[in-house]
Amino acid sequence: METLIDLHTHSLHSDGTLAPAELVARAAVRNVRVLALTDHDTTAGLNEARAACAAAGIGFVTGVEVTAGWRGQELHVVGLDVDPQSPALQAHLAAIVALRRARVAAIRVKLLRYKKLADADSALLELESHPVPTRTHVARALAQAGLAESVQDAFDRYLGRGCQGYVAQEWPPLAEAIAAIRAAGGQAVLAHPHRYRLSGGALRNLCAEFRDSGGAALETSLPALSPNDAARLASLAREHQLAGSAGSDFHEPGQPWRPLGRFAKLAEGVEPLLPRLRVTGHE
Ligand code: AMP
Ligand code: MN
Ligand code: MN
Ligand code: MN
């Protein structure tokens, strides 16, 4: 049986829905043998995930998905094999969480202009003290109050770019995200590079700058990647001497398009990042 690895997953400590131990149980059933938990801007779930992986005989890699900015664009940098005790990393994450809370408060003010959204107000107010509030939480609150048909509908009507409830956010720069990950002994991975709204040339510049700032790898293998995008990402990695990482970006069981551990192997000529990572609790 092929060894499945998944180096990009979320739990309820950010915008996933499963507790870390539930995520690990699901990974075990699906035959994942090495798992990283990479919640947005928090390491709060890592202890529980590590213990659950050890109990299940699954290899565990510490992780975090750091929100960053580059030329006005929001980027995600996955830090793998990070030491969660690192003061530099925790200070960096605390600054991002403060921005997230302020952003949710600003979104709430904008949404209050819709009288009919008053029913979601207490849920939105609670999000301002959530450990890591994301727009997905806002969308869930709107859907749960019956004010949107679904999370997607809430984005389409209220939260997406160009909508009334959209609040632009500037995040700490890419180079600082990489530096914080490296200060914690980790490897920085540019997450889902094909999802950014960047031209081919801008994406090349981003990869060059990512590498020059100390980045180690690109995510080149993810679920539902088109053959064209897979080829583009593999050649970007080779061209910029970046290793390749692989992960599902799993958030919740209700999203079958990003299943745990299910994606193509790394392309030929792309050096795997995994051998550079410390895997604990494995054999
Ligand atoms: P945040 O980091 O708070 O901006 O929240 C970003 C999350 O919201 C992403 O991880 C996506 O899952 C989700 N998201 C962003 N834009 C959309 C959209 N237009 N439709 C659906 N989900 C979205
Ligand atoms: Mn997310
Ligand atoms: Mn992401
Ligand atoms: Mn993610």
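Residues numbered from 1 in each chain as written. Chains lettered and ligands numbered in written order. Predicted model: local features only at pLDDT ≥ 70, side-chain atom pairs only at ≥ 80, totals over all residues. Heavy atoms only, no water.

### Observations regarding the coordination of the manganese ion (ligand 3)
Right, on to step 1. Every protein donor of the manganese ion (ligand 3) is listed here as Glu65 (OE), His76 (ND1) and His192 (NE2), and their distances to the metal cover 2.1 to 2.2 Å.
Right, on to step 2. Read from N- to C-terminus, the donor residues coordinating the manganese ion (ligand 3) fall into the pattern E-x10-H-x115-H.
Right, on to step 3. Between the manganese ion (ligand 3) and the manganese ion (ligand 2) there is a metal-metal distance of 5.6 Å. A residue pair is termed long-range when its members are at least 10 positions apart, and Glu65 in strand S4 (residues 63-70) and His76 in strand S5 (residues 73-80) qualify at 11 residues. The pair formed by Glu65 and His76 is uniform in burial state, with each residue classed as buried. (Donors = N, O, S within 2.8 Å, 3.2 Å for Na, K, Ca; no water. Helix = DSSP H or I, 4+ residues; strand = E, 2+ residues; numbered from the N terminus. Buried < 20%, exposed > 50% of the residue type's maximum accessible area, 1.4 Å probe, protein only.)

### Notes on the coordination of the manganese ion (ligand 2)
Right, on to step 1. Only Asp15 (OD), Asp15 (OD), His40 (NE2) and His251 (NE2) from the protein reach the manganese ion (ligand 2) as donors, at distances of 2.1 to 2.8 Å.
Right, on to step 2. Of the residues examined, Asp15 reaches a relative accessible area of 5% and is grouped as buried.
Right, on to step 3. In this structure His40 comes out as buried when scored by relative accessible area, which is 6%.

### Side note on the sheet that holds S4
Right, on to step 1. Taken in spatial order, the 5 strands of this open sheet run S4-S5-S6-S7-S8, and their pairing is mixed. Edge positions in the sheet fall to S4 and strand S8 (243-246), since each of these pairs with one other strand and no more. Ignoring strand direction, the axes of neighbouring strands in this sheet form an average angle of 40°.
Right, on to step 2. Direction of pairing for strand S7 (residues 217-221) relative to S8: parallel, over a ladder of 4 bridges. Paired with Ser221 across the strands is Ala246, a residue of S8. (Pairing = 2+ DSSP bridges. Axes fitted to C-alpha atoms, helices over the stretch in contact; angles between N-to-C directions.)

So far we have only geometry, and geometry alone does not tell us how the molecule works.
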